[in-house]
Amino acid sequence: MSAATATRPGFDYKRLFFMLLGIALFVIVYYCPAWPDAIDPGGKHFVLTKEAKGAIAVFLLAGIWWVFEVVPIGVTSLAIGVLQAAFLIRSPKQAFNDFMDPSVLFIFASIMIGLVFTKTGLTKRLAYKMLMVVGEKTSRIYLGVFVVTALLTHIMAHTAVAATIYPLLLAIYSLYGEGDKPTKFGKGLFIGMAFVAGAGSIITLLGAARGAVAIGFYKQIMGTEISFFELTYYMAPIGWTLVFLLWGFFMIFLKPEKDVIPGLREKARELNAQMGPLSRDEIMAAILVGSVILIMSLRSFIPELKAIDKTAIILVSSISFFVFKILDINDLEDIPWNIILLFAGAMSIGFCLWETKAAEWMAVNWLVLFQKSSGFVFIMSIAFFVMVMTNFIMNVAAIAISLPVALVIAPYLGVAPEVILFAALVVAGMPFLLLVGAAPNAIAYDSKQFTPGEFFMYGVPASIMLMVVVAIFVKFIWPLMGMPVEVLKVLPG
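Please read these numbers as outputs of a predicted model, since none were measured by experiment.

**Side note on unusual backbone geometry**
Phase 1: In this structure, K357 takes a positive phi of about 75° despite not being glycine.
Phase 2: Turning to its location among the elements, K357 is positioned in the loop between α17 (337-355) and α18 (358-370).
Phase 3: The phi dihedral of K448 is positive, around 60°, even though this residue is not glycine.
Phase 4: Looking at where K448 falls in the secondary structure, it is placed in the loop between α22 (439-445) and α23 (452-481).
Phase 5: Accessibility expressed as a relative area gives 64% for K448, which makes it exposed.

Next comes the structure, spelled out in structure tokens:
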């Protein structure tokens, strides 16, 4: 045996298995005989066409490939478009137009904002200021880190926030005096950052892609647009409630071994002093992003602004970053195109399931499980389903798959579509169980402070807490805020 053969890594049979499993599921579903009609409680039949069955076949292949990452997730998204066109499930124009849907470009612009804040140093400056304020008590450091993380997710993608905050957490932990040894404080600091990044990211459309994707679906399906301000109005109370509850959660389950970290305030002061005064790029970035957020918020009150699409408004900031030379062409290489392609593919498969009526067929079959349930039980069942699913696949894909189905079922049970949208968005932002559920989870894991098993162990009670909070908001708080929860039922037949 040659040296080259001896050092060659073993063949990845697991990858091959799941790749072939996805292909096999596609072939079996696409070529199998027609499936029975779905029949609603009123006896109405819903036919599953060949195209609709093909949409389900694509969904199954994409789901397997996304979950097990047999190829990069963006490449799986490309396969979604190719399969639709090659097997005549939808026209090429329909399949690939979704890849440049305004929601996808909104996501691109949001990521650009995060890139600018990181490059200019604004996030580090904010973090150092936070440490100078909260001081050396570990309980306050928990709270300060969580609040800053949540605040940053209001204006930039939670993945970018996690990537920016992570080095700061390493610096904080290096002052804890335990070296690289895992501790309760280390676990709470990094797992808490990941959890809170999710909680904060639900509050504005800038925090994560899922909001823009879900609203895009909602507008396409229901013909109604949810504004930037309306989303924040309903999401801010539950998002911030969860931020502070998570602080209490980690103070109970992972209370730091030490009450204080001596010298932390001085270290933060030194790092802040080294940054010097605000740079021209920092000032310009803050003005540009602040202006875009203000204009998007004012769309809810000024009819003339409402006529301008929010994607066009936020893309002005992307263009301006290059006009004012805050970014240059080399910075485009830092854009996570793999993630953007994922969002694009999620839009394509979601619309494919909807437009071919596959979602409707699935929904009516699913309806039988809920036909005797109350509207509240249905809402919580959808929330639980999305919460579990978003731990196994990217939350954008979870929204793309579940929202069209849920919106079809809702009228039968007298449930308003708005509450379905918002409940799904809340839980989709907080995959507390598995590392693959969100990028901040994986970033936190790089600290080597906890194992995947520990992450899951703490995630179980955190997920239960999440479901309880959602239930309270659905039942009591959102209705008091004016959110419609119940509507007249669509009568069977």
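**Quick notes on the nonpolar core**
Phase 1: Counting residues in each nonpolar core, the largest one holds 177 residues, and the members touching the most others are I172, L189, I238, I420, V426 and W478.
Phase 2: Element by element, the count of residues in this core is highest for α23, at 13 residues.
Phase 3: Leaving out residues up to four positions away in the same chain, I238 has contacts with I202, V426, V469, V470, F473 and W478.

**Things to note about the pattern of salt bridges**
Phase 1: Throughout the structure, instances matching the rule amount to 8 salt bridges.
Phase 2: We note a salt bridge from R90 to E355, for which the minimum N-O separation is 2.7 Å. You can see R90 sitting in the loop between α4 (73-86) and α5 (92-97) and its partner E355 sitting in helix α17, a full 265 residues away along the chain.
Phase 3: For E355, a relative accessible area of 32% corresponds to the partly exposed category.
Phase 4: Each of R90, D98 and E355 takes part in salt bridges that share partners, so that together they form one network.

Definitions and limits used
Residues numbered from 1 in each chain as written. Predicted model: local features only at pLDDT ≥ 70, side-chain atom pairs only at ≥ 80, totals over all residues. Heavy atoms only, no water. Helix = DSSP H or I, 4+ residues; strand = E, 2+ residues; numbered from the N terminus. Buried < 20%, exposed > 50% of the residue type's maximum accessible area, 1.4 Å probe, protein only. Core = buried A, V, L, I, M, F, W, Y, C linked by side-chain atoms within 4.5 Å. Contact = heavy atoms within 4.5 Å. Salt bridge = Lys/Arg side-chain N within 4 Å of Asp/Glu carboxyl O.

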